[in-house]
Amino acid sequence: MSQPILQVSALRMTFGGVQALAGVDLEVGEGEIVALIGPNGAGKTTLFNCLTGMYTPTGGDIILNAPGKKPCHLNGLKPNKIVERGLARTFQNIRLFGRMTVLENVMIGRHCRAKSFILGAIFRPPATRREERDITMKSFALLRKVGLADFAGEFADSLSYGAQRRLEIARALATEPALLLLDEPAAGMNPRETVELTRLIQQISADGQAVLLIEHDMKLVMSLSQRIYVMDYGKRIACGPPAAIRANPAVIKAYLGEEDDAAA
Amino acid sequence: MPILAEIRFALRAALWFVFLTFPIMVIKADPIGQTVIWRWRNAVWVGACSFFVCLALRLWKNYRAKHPALGPSNDGGSFIHRILDHSGQRRAFLGILLAAAILFPFFASSYQTNIMITALIYVVLGLGLNIVVGMAGLLDLGFVAFYAIGAYTYALLHLHFGLGFWQSLPLGACLAALGGICLGFPVLRLRGDYLAIVTLGFGEIIRLALENWGEFSQGPSGIANIPRPGFFGMTLSLDQSILFLYFIMIVFVIATIFVVNRLRDSRIGRAWIALREDEIACQAMGIDKQKTKLAAFALGAFWAGGMGVVFAAKTTFINPASFTFLESVIILSIVVLGGMGSIVGVVCGALILVLLPEYLRALSEYRMLAFGAILVLMMIFRPQGLIPTIKSRYPLENLTDDRP
Ligand SMILES: Nc1ncnc2c1ncn2[C@@H]1O[C@H](COP(=O)(O)OP(=O)(O)OP(=O)(O)O)[C@@H](O)[C@H]1O
Ligand SMILES: [Mg+2]
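All values derive from a computational prediction rather than experimental measurement. Starting from 1, residues in each chain are numbered consecutively following that chain's sequence as written. Whichever chain is written first is A, and whichever ligand is written first is 1; the rest continue in order. Totals for whole chains, interfaces and linings use all residues, but because this is a predicted model, local features are given only for residues with pLDDT of at least 70 and pairs of side-chain atoms are given and counted only at 80 or more. Hydrogens and waters are ignored; side-chain quantities use all the structure's heavy atoms.

On to the interface of chain A and chain B. At the junction of the two partners, chain A supplies 46 residues and chain B supplies 38 residues. Computed with a 1.4 Å rolling probe, the buried area is the accessible surface lost when two parts are put together, summed over both parts. Both faces considered, chain A and chain B share a buried interface measuring about 3,800 Å² in area, 65% of it formed by carbon and sulfur atoms. Whenever a carboxyl oxygen of Asp or Glu lies within 4 Å of a side-chain nitrogen of Lys or Arg, that contact is scored as a salt bridge. Across the chain A-chain B interface, the total number found is 2 salt bridges. For Arg270(B), the salt bridge identified is with Glu132(A), shortest N-O distance 3.1 Å. Two N or O atoms count as a polar contact when they lie within 3.5 Å, although within protein this holds only if one can serve as hydrogen donor and the other as acceptor, and sequence-adjacent residues are included solely when both atoms are side-chain atoms. Scanning the region where chain A abuts chain B turns up 9 residue pairs in polar contact (both at pLDDT 80 or more). Every residue pair with non-hydrogen atoms within 4.5 Å of one another is taken to be in contact.

Listed below in C-alpha cells is the structure:
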C-alpha cells in the first residue's frame, strides 16, 4: 500500500453513556477499495458521521492526505470544509433533494468547486456563465457515468430505489472527492442492480478515487474489496484481505455469536 | 352504502360542532334584564352549515380518490407555464402584460392607481419573502420588521438630515439587509417551528421598539410629512406624483422579477432549494449552511427594506401600527397561496390577496378569517400553491452534441 489517503487513529465517539466508537484505527490507500463490515449497531455509520464532520469525535485523530494537497486534520471541521478537502459520502437512508431534478442534485455536488455568489448570479459575467456551463456539463457527464442521463430532467424522488442510490453516488462524485464513503450502497437493490453497482465502484476506483464502503452484502464485499475492516461494539476486531477475514474466528464469532453460545 | 356512512359521519361532526360552539353561539347573558337568552336558531345554523360543509368535503375527497386523473399535477398553473415556456408566446404575453400595466393608470382613477401601487408593493414583498420561505425553506414570521426598517430609515433620514427618496432607497434596502443578517446570526441553528417563533418575536420587538422609543421614532404618533419621490427637482401635483410612483413600482417589479429569476437559476439559488429539501445532505455536499442562510435572509430583507421606503413615500405618514403581525401574515399568505418558490405564483398571489379585499370592501372586516380559511383550504386541496414551481431546465441539447 502506498501513502495512505485516510488515516484514522484511536477514534472515539461517546453519546452520553453509549460508547459508539471505542478507539478505531483505519487506513485507506490511494485508489484502494476498502470495506467496513460488522453487525448492526457496530458503529459503522457513526464512524462515517465522524469522518464527514456530522459528529465531532470525542477523541482520536483523522488525517486526510488527498493527492496534490497538504495533509490535514479533519476532526472538528465543518462538514462543508471536509468536502472541500476531498471527502464525500452517501447516506444509508437515502437523502436526496427530492423536489429538485436529477441533474440539479448532481449540480449541488459541484457547488463547492464553484465560486460565483450573489453579484455573479445577478449580472452573469462571462466567468459565471463559463462556470455554470462547466457545472452543467460535468454533472451531466457524471449522470452518464452512473447511467441516469435519461432521467436528467425528472424529480429525484420519482426515481426507483436503485436509481436513487446511484444518484447519491453521482452527487458525491461531483464534489471531486479523493476518497468516497459509501454507506450500504447495495441495500434494497435487486441482483442485477447490484452487479451494475459493482461495476460502477470498480470504475470509480479505476479512475483513481479511493472507496471506503459499508456493506452487508458479503458477496459484493468479498468480490470488490482489497481489504476489509470488521467492527463490533465500536472496536475494530479484524482487518485484512477477504480470504483472511472469511477464515477469521473472531469475525465468525461476531456474526454468528448465538451459534457459538449454543455450542458452548 | 357508503353515502349513508358519509352522512352519518357528517351528522356526528355537526353535532360535535354544535356542542363545541354552544357556549358562545347559543347562550347569551343579558346583563340588564339579568336573564339568559337562548339563541337556538344559532345552533341550528351551526349544525346545518357544518353538516353540509363536512359532507361536501367528504364526498369530494372520495370523488378525488376514485378519479386520480384529476390529481394535483393536472392543473391550471400548467397553462401559464405552457405560455411562458414557448419563447414566442412568452414574448407576446409579457408584451401585452407590460402594455396593459403602462396604460392602466391613464384609464383608471388615481384611487385605483393607488390601490395598484399597494398591490405592486406586495408583489415585491412577496418575491422577497419567497427567497426566504419559498426557496430556502426558512419560515419567517417577522418579515414585516424589515419593511418597517426601510420605512423608518426614509422617514428619519428625511426628518433629521433632509435626505430625499432616491438617497434613502438604497440606504433603507441595505439597512434592512443588515437587519436580516442580524436576525440570521442567532437563528442559524434553528429550524421549522422554532425559527418561526423567533422571527415572530423579532418582528414584534422591532414594532414595540418603534412604539415605545419615543425620542427615536416619535412613538405611536408616527412621522408625518414624508415627501413623495421628486422628479428631477420638479414639484408634482398629487395625481402626477401618484402616477410617477406607479411607474417607479412597475420598474421595481420588473427589476425584482429579473433578479429573483436569475438568483433562482444560479449556484446560490440551487443551494437555497437544496437547503429547503434536506439541510443535512446539503452540508454533506459541501454547501456552507451559514453563508447560504444569511444570504437568503439578507436578500429577502433587502427587498422589504426598499419597499418600506416606497411605502413611506406613498402614504407620506407612517406609524408603528402599519407594521403589525398581520402584515407578515399577509405576505406569507401571498407566498403560500401563489406557490412556494414559484415566481409567477407569488406575483398572482399578491395581486389576488391585495386587490380582492380592496374591491370586496364588505369582506375586509373578515380579512383575518378569510386568510385563515384560504390557507387551510390551500393546505388541504392544493398544498403546492396556485401556480407551483416547474422543474428548471438546463441547455443539455448543446452538451449532448459534443459527446466524445
Ligand atoms: N446520535 C446518536 N445518539 C445516540 N446514540 C447513537 C447516535 N448515533 C448512533 N448511536 C448509537 O451508536 C451505535 C452505533 O450505531 P451505528 O448507526 O453507527 O451502527 P451501524 O454499524 O451503522 O449499524 P447498521 O448496520 O444497523 O447501520 C448504536 O448503538 C446507536 O444506538
Ligand atoms: Mg449504519
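Attention now goes to the sheet that holds strand 3 (residues 33-37) of chain A. All names here are of chain A. By this definition, two strands are paired if DSSP reports at least two bridges between them. What counts as a helix is a DSSP run of H or I of at least four residues, what counts as a strand is a run of E of at least two, and both are numbered from the N terminus. A sheet is described by the order of its strands in space; here 6 strands give the open sequence 6-7-8-3-9-10, paired in mixed fashion. Edge positions in the sheet fall to strand 6 (87-89) and strand 10 (235-240), since each has one partner strand and no second. The mean inter-strand angle of the sheet, taken between neighbouring strand axes irrespective of direction, is 20 degrees. In terms of strand pairing, strand 9 (residues 227-232) meets strand 10 through 5 bridges, oriented antiparallel. From the neighbouring strand, tyrosine 229 faces strand 10, where its bridge partner is cysteine 239. Fitting a line to C-alpha atoms yields each axis, with helices limited to the stretch in contact; the angle taken between N-to-C directions then spans 0 to 180 degrees. Docked against the sheet, helix 7 (residues 191-206) engages strand 3, strand 7 (179-183) and strand 8 (210-214), running at close to 145 degrees with respect to strand 8.

What follows concerns the coordination of the magnesium ion (ligand 2). Keep in mind that water is not among the atoms, so a site may look incomplete; donors are the N, O and S atoms within 2.8 Å of the metal, or 3.2 Å for Na, K and Ca. Within the protein, Thr45(A) (OG1) and Gln92(A) (OE1) serve as the donor atoms for the magnesium ion (ligand 2), at 1.8 to 2.1 Å. One end of the pair, Thr45(A), is in helix 1 (residues 44-51); the other, Gln92(A), is in the loop between strand 6 and helix 3 (102-109), with 47 residues separating them in the sequence.

In this section: the nonpolar core. The nonpolar side chains of soluble globular proteins are, as a tendency, buried together. We call a set of buried residues a nonpolar core when its members are Ala, Val, Leu, Ile, Met, Phe, Trp, Tyr or Cys and they connect through side-chain atoms within 4.5 Å of each other. When accessible area is computed with a 1.4 Å probe and restricted to protein chains, residues below 20% of their type maximum are described as buried, those above 50% as exposed, and intermediate ones as partly exposed. Grouped together as the largest cluster of nonpolar side chains are 105 residues, with contacts concentrated most on Met249(B), Leu263(B) and Trp272(B). Filtering out sequence-adjacent residues up to four positions away, Leu263(B) remains in contact with Ile118(A), Ala121(A), Ile122(A), Ile131(B), Ile268(B), Gly269(B), Trp272(B) and Leu299(B). Counting 47 residues, the second-largest nonpolar core is a separate cluster that includes Leu180(A), Leu182(A), Leu220(A) and Ile228(A).

By a widely used convention, the size of an interface equals the accessible area lost when the partners come together. Residue and element names in this part refer to chain A. The domain limits used here are those given by an automatic or database domain assignment. Each assigned domain of chain A is listed here: domain 1 (1-86 + 178-264) and domain 2 (97-176). On a C-alpha basis, the centroid separation for the pair domain 1 and domain 2 is 27 Å. Taken together, the contact pairs 21 residues of domain 1 with 14 residues of domain 2. Across the domain 1/domain 2 interface, buried area totals approximately 1,300 Å², and carbon plus sulfur atoms make up 64% of it. At the surface where domain 1 touches domain 2, the tally comes to 2 salt bridges. Lysine 145 is paired through a salt bridge with aspartate 207; the nearest N and O atoms lie 2.6 Å apart. Summed over the shared surface of domain 1 and domain 2, the number is 4 residue pairs in polar contact (both at pLDDT 80 or more). Of all elements in the fold, only helix 2 (79-85), strand 7 and helix 7 reach the threshold of two or more residues within the side of domain 1 that touches domain 2. If you tally residues by element for the side of domain 1 that touches domain 2, the top one is helix 7, at 6 residues.

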